[in-house]
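Take a look at the letters that make up each chain.
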Amino acid sequence: MRGAAPLELWVNARPCVMCYGATMWSGVKRLVIAVDGPEVEELTGFDEGPMPEDWIGRFAERGIEVETGVLREEAVQVLADYRDLVAGGGATLYNARGTGVHAS
């Protein structure tokens, strides 16, 4: 891909521990994130796993730029809407270790 633009990945939230590893080795040179705080786990019950405290710095060491906060408020609302939609349908949103949002 000589001459091709560097690969970018735009996502709604910071990566979970699995996506962190996959992104690191993917060839992505820039990661753009809307929500980078604890809201993902708080709103959805997702278990994001044990991320390194300085995960952005670890990406930078490997030449991967991280930009956070792009359309943050809108993304937080989408996460809340998704949780409410799934919970209203009587489904389990996520249950890797039994910690997901459950609806009755």
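Residues numbered from 1 in each chain as written. Predicted model: local features only at pLDDT ≥ 70, side-chain atom pairs only at ≥ 80, totals over all residues. Heavy atoms only, no water.

Asker: Where do I start with the pairing of strand β2 (residues 30-35) in this structure?
Answerer: On a regular strand, each side chain points to the face opposite its neighbour's, so the side chains alternate between the two faces of the sheet. Burial analysis of β2 places 6 of its 6 residues in the buried class, which makes it a mostly covered element. Sheet analysis places strand β1 (residues 8-13) next to β2, joined by 5 bridges and oriented parallel. In the sheet register, Glu8 faces β2, and the bridge partner there is Arg30. Bridge analysis of β2 against strand β3 (residues 65-68) gives 4 bridges, and the strand direction is parallel. Pairing of Leu31 across the sheet is with Val66, part of β3. (Buried < 20%, exposed > 50% of the residue type's maximum accessible area, 1.4 Å probe, protein only. Helix = DSSP H or I, 4+ residues; strand = E, 2+ residues; numbered from the N terminus. Pairing = 2+ DSSP bridges.)

Asker: What is the right way to look at the nonpolar core in this model?
Answerer: Nonpolar side chains in soluble globular proteins tend to end up buried together. In terms of nonpolar packing, the biggest core is built from 9 residues, these being Ala13, Ala34, Val35, Val40, Leu43, Ala75, Val76, Leu79 and Ala80. Of all the secondary-structure elements, those providing two or more residues to this core are β2, α2 (39-44) and α4 (72-88). If we skip the residues at most four places from it in the chain, Ala34 touches Val11, Asn12, Gly69, Val70, Leu71, Arg72 and Ala75. Leu31, Ile33, Trp55 and Phe59 belong to the second largest nonpolar core, which has 8 residues in total. (Core = buried A, V, L, I, M, F, W, Y, C linked by side-chain atoms within 4.5 Å. Contact = heavy atoms within 4.5 Å.)

Asker: What exactly am I supposed to notice about the packing of aromatic side chains here?
Answerer: All told, the structure shown has 2 aromatic pairs when counted by the stated rule. Ring plane angle 40° and centroid distance 5.0 Å describe the contact between Tyr20 and Phe59, whose orientation is recorded as tilted. Pair noted here: Tyr20 is in helix α1 (residues 17-25) and Phe59 is in helix α3 (residues 55-61), with a separation of 39 residues, a long-range link. Accessibility assignment for this pair places Tyr20 and Phe59 in one class, buried. A centroid spacing of 6.0 Å and a plane angle of 85° characterise the contact between Trp55 and Phe59, whose relative ring orientation is edge-to-face. Placement of both Trp55 and Phe59 in helix α3 is noted, with a separation of 4 residues, approximately one turn of the helix. With respect to class, Trp55 is no different from Phe59; both count as buried. Cluster of aromatic residues (ring-pair linked, three or more members): Tyr20, Trp55 and Phe59. (Phe/Tyr/Trp six-rings, centres within 6.5 Å; stacked < 30°, edge-to-face > 60°.)

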